[in-house]
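# Breakdown of the fold
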Amino acid sequence: MKRVLITGTAGFIGFHLARLLLEEGHQVHGYDALTDYYDVTLKQARHRILEGMPGFGKTEALLEDADTLFQAARDFAPDVIVHLAAQAGVRYSLENPRAYVEANIVGTFNVMEIARELKISHLLMASTSSAYGANEEMPFKETDKADTPLTMYAATKKANEVMAHSYAHLWDLPTTMFRFFTVYGPWMRPDLAPFKFADAILAGRPIDIYNHGEMYRDFTYVDDLVRGIRLLMDAVPARPASSADIAPGDSLSPAAPFRIVNIGNSTRVKLLDFVDIIEAELGVKAIRNYMDMQPGDVPATWADASLLQSLTGYRPQTEFRDGIAKFVSWFREYYGR
Ligand SMILES: C[C@H]1O[C@H](OP(=O)(O)OP(=O)(O)OC[C@H]2O[C@@H](n3cnc4c(=O)[nH]c(N)nc43)[C@H](O)[C@@H]2O)[C@@H](O)[C@@H](O)C1=O
């Protein structure tokens, strides 16, 4: 049994991870501020489910509130910290970049500080496929350069990776950073495309199709994603004796117990096909409004998931259509539509 502090348990991914760990019999402490970036009642509903499970406790506060975060962590005394709370969203970072600096830079720094103080055995933190920015070589590999972020969202997440590397190096803090690829499924964030499309199609509102549909995403089903996180919890990075000890394709740092791991499905879905699949699952046709490319958007993502597989023996494999069917059935039931 592990004691796991998870930030972001009222969020989409944190909720699913907490549920999985509680089902396995671990103790989970959730830290979440239930910020109003999107519908707070959805966040409250997720927390209510966790509160009904044995082994769950929570603190509702901001990551930026260092005193509260530190006290909650000291009281709980975790073995492992999984840091998923963040200001998420690619497009909102053009409107309100400061929110990303506060939650993602200051907040993540606070998590690193308490992880160092408590000498936890493994710190795992969320980064994003958006860190690959303008990279053109596909699929994206962790060992590729990723120095061209296109938004402050991507820039703050990339900054988290390099901040975490320095702490892993200085304080021997084993750290794994995930690069997630467009996660979807039941309980998903309302600001993400599958949710927005389902909502608009059922309401008879037109949907905007960016870049005339010439967009590709490596959509990752949430159950697959949290299974990848769960397995990586046990794949604790160790500082290599020399760079010769790093396996080919491994992103392990030569200077720290630190690695970056993609968690993605490794299949690209074209935006137009994605709309067709949602329409088919809903049984309702969309009214389509074709638009130009949006500022800050990346045209395509595609994960090379071979490092995840070599570390854990696992790779995500849910077919997009099956995952969307599960999302749609949750959506219809939860919202009664
Ligand atoms: C890994 C990464 O994953 C996510 O970022 P994302 O991949 O940009 O996800 P999305 O669901 O916002 O976009 C998916 C696709 O759908 C298009 N899209 C969006 N919104 C509308 C929309 O309103 N209309 C249309 N037509 N297309 C849209 C958009 O242009 C893109 O082709 C976040 O979790 C982020 O936090 C993160 O870290």
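Quick summary incoming for the structure in this document. (Residues numbered from 1 in each chain as written. Predicted model: local features only at pLDDT ≥ 70, side-chain atom pairs only at ≥ 80, totals over all residues. Heavy atoms only, no water.)

## Thoughts on the overall build of the protein chain
Of regular secondary structure, the protein chain possesses 11 helices and 13 strands. For a compact globule of 337 residues, the expected C-alpha radius of gyration is about 20 Å, and the protein chain comes in at 19 Å, within 12% of that figure. Seen along its three principal axes, the alpha-carbon backbone of the protein chain occupies a region of about 55 × 45 × 40 Å. For the protein chain, with 337 residues in total, the buried portion stands at 55%. Excluding contacts between residues fewer than 6 apart, the proportion of contacts in the protein chain whose partners are at least 24 apart in sequence is 81%. (Helix = DSSP H or I, 4+ residues; strand = E, 2+ residues; numbered from the N terminus. Rg over C-alpha atoms; globule rule 2.2 N^0.38 Å. Buried < 20%, exposed > 50% of the residue type's maximum accessible area, 1.4 Å probe, protein only. Contact = heavy atoms within 4.5 Å.)

## Concerning helix α6 (residues 152-171)
Compared with the 28 Å implied by 1.5 Å per residue over 20 residues, the 28 Å span of α6 between its first and last C-alpha is a close match. Positive backbone phi, at 55 degrees, marks Asp172, one or two positions downstream of α6. (Expected span 1.5 Å × (residues − 1).)

## Re the site of the ligand
Near the ligand you find 20 residues, and of these Tyr153, Thr182, Asp208, Arg217 and Asp297 are the closest. One of the side-chain N or O atoms of Thr128 is found 2.8 Å from an oxygen atom in the ligand. In the environment of the ligand, a nitrogen atom lies 3.2 Å from a nitrogen or oxygen atom belonging to the backbone of Ile209. Of all the elements, helix α7 (residues 193-203) adds the most residues to the shell around the ligand, at 3 residues. Its residues assigned to classes, the shell around the ligand shows 10 nonpolar, 4 polar and 6 charged. (Near = heavy atom within 4 Å. Polar contact = N/O pair within 3.5 Å; in protein donor to acceptor, adjacent residues only side chain to side chain. Nonpolar A, V, L, I, M, F, W, Y, C, P; charged D, E, K, R; others polar.)

## Remarks on the nonpolar core
The nonpolar side chains of a soluble globular protein tend to be buried, and buried together. Ranked by size, the top nonpolar core spans 64 residues in total, and within it Ile6, Ile13, Val82, Phe180 and Ile229 carry the most contacts. Here this core takes 7 residues from helix α1 (residues 12-23), the largest share from any one element. Residues in contact with Ile13, not counting those within four places in the same chain, are Leu84, Phe180, Val183, Leu225, Val226 and Ile229. With 28 residues, the next largest nonpolar core counts Phe76, Met163, Met177 and Ile260 among its residues. (Core = buried A, V, L, I, M, F, W, Y, C linked by side-chain atoms within 4.5 Å.)

## A few points about the layout of surface pockets
Its boundaries defined by the atoms lining it, the second largest pocket holds a volume of some 230 Å³. What lines the second largest pocket is a set of 15 residues, among which Glu142, Asp144, Lys158, Arg179 and Ile260 lie closest to the centre. Of all the secondary-structure elements, those providing two or more residues to the lining of the second largest pocket are α6 and β11 (258-263). In terms of residue count, α6 provides more of the lining of the second largest pocket than any other element does, 4 residues in total. Looking at the lining of the second largest pocket residue by residue, the class counts come to 4 nonpolar, 4 polar and 7 charged. (1 Å grid on protein atoms, 1.4 Å probe; cavity = no way out; pocket = protein on both sides within 12 Å on 5 of 7 lines; lining within 4 Å. Points joined across faces, edges and corners; volume = space filled by probe spheres on them.)

## Regarding the sheet that holds strand β4 (residues 80-83)
Whenever strands of a sheet pair, they do so through backbone hydrogen bonds, lying parallel or antiparallel. The 7 strands are arranged β3-β2-β1-β4-β5-β6-β11 in an open sheet whose pairing can be described as parallel. Two strands lie at the open edges of the sheet, namely β3 (56-59) and β11, each paired on one side alone. Pairwise comparison of adjacent strand axes, ignoring direction, gives a mean angle of 20 degrees for this sheet. In terms of strand pairing, strand β2 (residues 27-31) meets β3 through 4 bridges, oriented parallel. Paired with His29 across the two strands is Gly57, which belongs to β3. (Pairing = 2+ DSSP bridges. Axes fitted to C-alpha atoms, helices over the stretch in contact; angles between N-to-C directions.)

## With respect to the environment of Thr267
Its place among the elements puts Thr267 in the loop between β11 and β12 (269-270). Spatially, the C-alpha atoms of Thr267 and Ala155 are 25 Å apart, while their sequence positions differ by 112 residues.

## Some thoughts on helix α3 (residues 66-76)
Each turn of an α-helix holds 3.6 residues, which means side chains three or four residues apart point in the same direction. Of the positions making up α3, those classed as buried are Ala66, Leu69, Phe70, Ala72, Ala73 and Phe76. In a view along the axis of α3, the buried residues occupy a sector of 165 degrees, so they form one face of it. Seen from the buried face of α3, the exposed residues on the opposite side, beyond 90 degrees, are Asp67 and Asp75. (Arc of directions from axis to C-beta.)

## Quick notes on the side chain of Thr128
Secondary-structure assignment places Thr128 in strand β5 (residues 122-128). Side-chain polar atoms of Thr128 contact the backbone nitrogen of Ser130, separated by 2.9 Å. Beyond its immediate sequence surroundings of up to four residues, Thr128 is in contact with Tyr153, Lys157, Phe178, Arg179 and Phe180.

## Points about the packing of aromatic side chains
Throughout the structure, instances matching the rule amount to 30 aromatic pairs. On the numbers, 6.4 Å between centres and 35 degrees between planes, the contact of Phe140 with Phe181 is tilted. Separated by 41 residues along the polypeptide, Phe140 in the loop between β5 and α6 and Phe181 in the loop between β6 (175-180) and β7 (183-184) bring together distant segments of the chain. Side by side, Phe140 and Phe181 carry an identical accessibility label, which is buried. Relative to Tyr335, the ring of Phe331 has its centre 5.1 Å away and its plane inclined at 45 degrees; by these criteria the two rings are tilted. (Phe/Tyr/Trp six-rings, centres within 6.5 Å; stacked < 30°, edge-to-face > 60°.)

## Some points on the packing of α7 against helix α11 (residues 320-335)
Interhelical geometry of α7 versus α11 gives an angle of 55 degrees and a closest axis separation of 11 Å. Our classification of the angle between α7 and α11 gives oblique. Remark: the crossing between α7 and α11 carries right-handed chirality. Here Pro194, Phe195, Ala198, Asp199 and Leu202 of α7 lie close against α11, whose contacting residues are Ile324, Phe327, Trp330, Phe331, Arg332 and Tyr335. Tallied by class, the residues present in the contact of α7 with α11 amount to 9 nonpolar, no polar and 2 charged. (Parallel < 35°, antiparallel > 145°, perpendicular 65-115°, else oblique. Left-handed = near helix turned anticlockwise from the far one by under 90°.)

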